[in-house]
Every structure is written in structure tokens, then in C-alpha cells.
Amino acid sequence: MRYAYLGPAGTFTEAALLGVEGAREAERRPVSSVPVALAAVRAGEVDAAMVPIENSVEGGVTATLDAVATGSELRIVREALVPISFVLVAAPGTALADVRTVSTHSHAWAQVRGWMDEHLPGADYVPASSTAAAALSLLPGAAEPGFEAAVCSPVVVEQHPELEVLAEDIGDNRAAVTRFVLVARPDAPLPPRTGADRTTLVIPLWEDRAGALMEILEQFATRGVNLSRIESRPTGNFLGEYFFSVDVDGHLHDARVADALMGLRRVCPSTRFLGSYPRADHKVATVARHHSDGAFREAAAWVAALQGHGAHGPGAAGAGHVPA
Ligand SMILES: O=C(O)C(=O)Cc1ccccc1
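Just so it is clear, the structure is predicted and the values come from calculations on it, not from any experiment.

Caption draft 1: Highlighting the domain arrangement of the protein chain. Here the protein chain is partitioned into domain 1 (1-85 + 174-189), domain 2 (87-168) and domain 3 (191-308). The C-alpha centroid of domain 3 is placed 23 Å from the C-alpha centroid of domain 1. Of the residues lining the interface, 24 residues belong to domain 1; the matching set on domain 3 comes to 20 residues. The junction of domain 1 with domain 3 conceals about 1700 Å² of combined surface from both sides, 54% of it contributed by carbon and sulfur atoms.

Structure follows, in C-alpha cells:
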């Protein structure tokens with residue numbers, strides 16, 4: 001297997017990838033952005049890319065949501081959760097009092113603002129392509145970076161002990177977690193159903209009219225499909241045109257999810273299926289009896305029998321009972 005990830009080595013994205021069995025031995029290509037990683041997948045240069053998709057503090061990672069929603073189709077084949085802890089590093093010999101400008105990835109910056117306001121008020125921010133990229137620019141011998149400190153993962157310090165650690169555990173939320181997804185091409189095998197699965201969809205708002213969003217949400221509600229994330233994003237085509245990026249509890253092979261997808265296809269024909277894959281937290285969905293696979297099967301058999309297609313012909317459409 002060949003993997004692309006937001007590099008260089010030492011990023012949170014690399015930590016997510018290293019959690020995939022076999023990834024340590026596989027070919028790993030560090031790239032400078034999420035769109036570049038996904039372009040490598042689409043071009044067939046790698047088999048899959050690990051990218052951040054959702055943050056417990058900051059919400060959806062818009063670069064990823066947009067890149068998977070547009071362009072040629074892709075498939076999410078697995079997810080990973082990485083606890084996020086940040087350190088402030090600098091070139092050897094630097095003190096906190098010397099720091100005027102700090103660099104890091106925009107998502108990391110958003111998660112240390114409270115600490116910065118308290119300990120480095122007025123510090124300027126320089127965006128970097130990743131946390132590790134910012135930190136590595138501070139190593140002796142690198143070109144003058146234009147900032148004195150970087151916010152990164154403690155992993156970078158393990159790899160480069162010469163970096164000066166100015167502060168540890170500086171995240172505003174100590175329980176911060178980022179969800180990453182492994183994205184492959186659409187011919188990747190569908191991961192089998194585990195009972196604790198997630199399905200990701202992109203639903204363009206098909207018609208600009210009252211009740212259109214309600215009609216989309218109804219497809220899930222009436223089949224007992226729980227949404228775990230919903231975000232609206234502009235399509236970029238023109239002002240006011242949006243798509244919804246949605247995660248639901250369940251797998252394409254769960255009857256309630258398959259039925260909701262059929263409903264969505266009718267309501268919004270350009271719905272995009274981005275994949276069904278096991279939840280990293282193994283949380284099993286709660287499903288009411290009347291939303292179970294058995295209930296859907298029995299209902300379909302009843303209608304088929306009424307239509308004269310059932311196993312026992314027209315007479316088979318009895319009062320029936322709904323199996324669990
Ligand atoms: O820059 C990194 O290390 C990344 O992997 C992106 C990121 C940044 C901050 C929180 C989670 C992911």
C-alpha cells in the first residue's frame with residue numbers, strides 16, 4: 001500500500017496514519033495540503049490518503065469537506081481518532097520572552113488561543129501548512145523562518161530533541177480529539193458492516209425552496225437514522241448555493257440506511273455517497289424495533305405479496321408480525 005498524508009513527519013495526521021495496521025511498513029508520502037493528498041489518490045499515485053475531517057473543538061475541517069464533496073468521486077474506508085496535545089517549541093536557546101511571532105497550522109492556532117492570550121498576549125500568527133512544518137523551520141540550519149516559536153505535537157520534540165520546549169500541554173481544551181479519515185478511490189472494497197458504523201454523505205441542496213432541508217432531514221428521521229454531524233458549505237459556484245456534509249450512524253448494508261439513501265436519491269438526485277466504515281469509538285447505534293433490518297424485510301415481503309410477487313403468492317399478505 002502507498003499512503004499520502006499531511007506532512008512532514010510529526011504531524012497529527014501522520015500519527016493517525018501510523019495507527020493503521022501495516023502503515024509503518026508501507027510507503028508513506030508526506031504532502032503539503034489536503035487537496036494535494038487527495039489529488040494523489042485520484043491520480044492513482046497512492047492508494048489512500050489520511051486527512052483530518054472533524055475536530056472536537058473547531059468542528060469540520062473545511063478543506064477536507066470541500067475537497068471530498070467536489071471533483072471525481074472518492075471513498076472513505078476508515079476513520080481514526082487522535083487525542084491532540086500541543087507544545088510550544090523554539091530554536092535552541094530561545095526564551096518565552098523572546099517570542100513575538102508564532103507559527104502553526106490554523107486548526108492548532110485556534111485551539112491554543114486562550115493560552116496565547118494569557119502567556120503571549122499580542123503575539124503575531126504566521127499560518128503554516130502543518131504543525132510539524134512550522135516546528136521544523138526552527139531547527140538550526142533552516143532558513144530564517146520569520147517567527148520565533150511554533151505550536152506542534154510532542155512527537156516532533158521526540159524526533160528533534162534539539163528544539164527548545166517553551167511550554168507543554170498548551171491546548172485550551174485538554175480533551176481535544178481530531179477525527180481523521182482514510183480516503184481511497186471509489187472502487188475500493190466497501191468495509192463490511194460491524195454494527196458500529198458511520199456513513200458519510202454529501203447532499204447538495206437540490207432546489208432553493210421552502211422546506212427543502214426539511215425534506216432531506218425527513219429521509220433520515222422517518223427511518224430512524226441518527227445524524228452525528230451536519231454542516232453546510234458553499235459550493236463555490238455562486239452566492240447562496242450550498243451542500244450539506246452529513247455523517248449518519250449506520251452502514252449502507254443496514255436496511256434503514258439503504259432505505260434513507262433511496263429516499264435521498266429521489267429528493268436530491270445528486271446526493272454523493274462517500275462511504276460506510278467502522279466507527280473508531282465502536283459506539284453501536286440504538287435502533288428501534290420498527291427500524292430494524294427484520295422490520296424492513298417483513299414490510300417489503302408484505303408489499304411484494306400484495307403485488308402478487310411474494311413467496312406464497314397474493315394470499316400471503318396476511319396481518320403478519322414484525323420480527324425483531
Ligand atoms: O498540522 C498537523 O499536524 C495536522 O495534522 C493538522 C492538524 C492540526 C491541528 C489539529 C489537528 C490536525
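Caption draft 2: Broad picture of the site of the ligand. Around the ligand, the neighbouring residues are L6, T11, F12, T13, H105, H107, A108, Q111, S130, T131 and T178. A distance of 3.0 Å separates an oxygen atom of the ligand from a polar backbone atom of F12. Against a free-state accessible area of 310 Å², the protein chains account for coverage of 98% of the ligand. For the shell around the ligand, the secondary structure elements donating two or more residues are helix 1 (12-18) and helix 4 (106-110). Tallied by class, residues from the shell around the ligand come to 3 nonpolar, 8 polar and no charged.

Caption draft 3: Looking closely at the environment of G60. With respect to the helices and strands, G60 occurs in strand 4 (residues 59-60). Given the relative accessible area of 11%, G60 is considered buried. In this structure, the C-alpha to C-alpha distance between G60 and G236, residues 176 residues apart in sequence, is 17 Å.

What counts and what doesn't
- Residues numbered from 1 in each chain as written.
- Predicted model: local features only at pLDDT ≥ 70, side-chain atom pairs only at ≥ 80, totals over all residues.
- Heavy atoms only, no water.
- Domains from an automatic or database assignment.
- Contact = heavy atoms within 4.5 Å.
- Buried area = accessible area lost by both parts, 1.4 Å probe.
- Near = heavy atom within 4 Å.
- Polar contact = N/O pair within 3.5 Å; in protein donor to acceptor, adjacent residues only side chain to side chain.
- Areas by Shrake-Rupley, 256 points an atom, 1.4 Å probe, with all protein chains shown as cover.
- Helix = DSSP H or I, 4+ residues; strand = E, 2+ residues; numbered from the N terminus.
- Nonpolar A, V, L, I, M, F, W, Y, C, P; charged D, E, K, R; others polar.
- Buried < 20%, exposed > 50% of the residue type's maximum accessible area, 1.4 Å probe, protein only.

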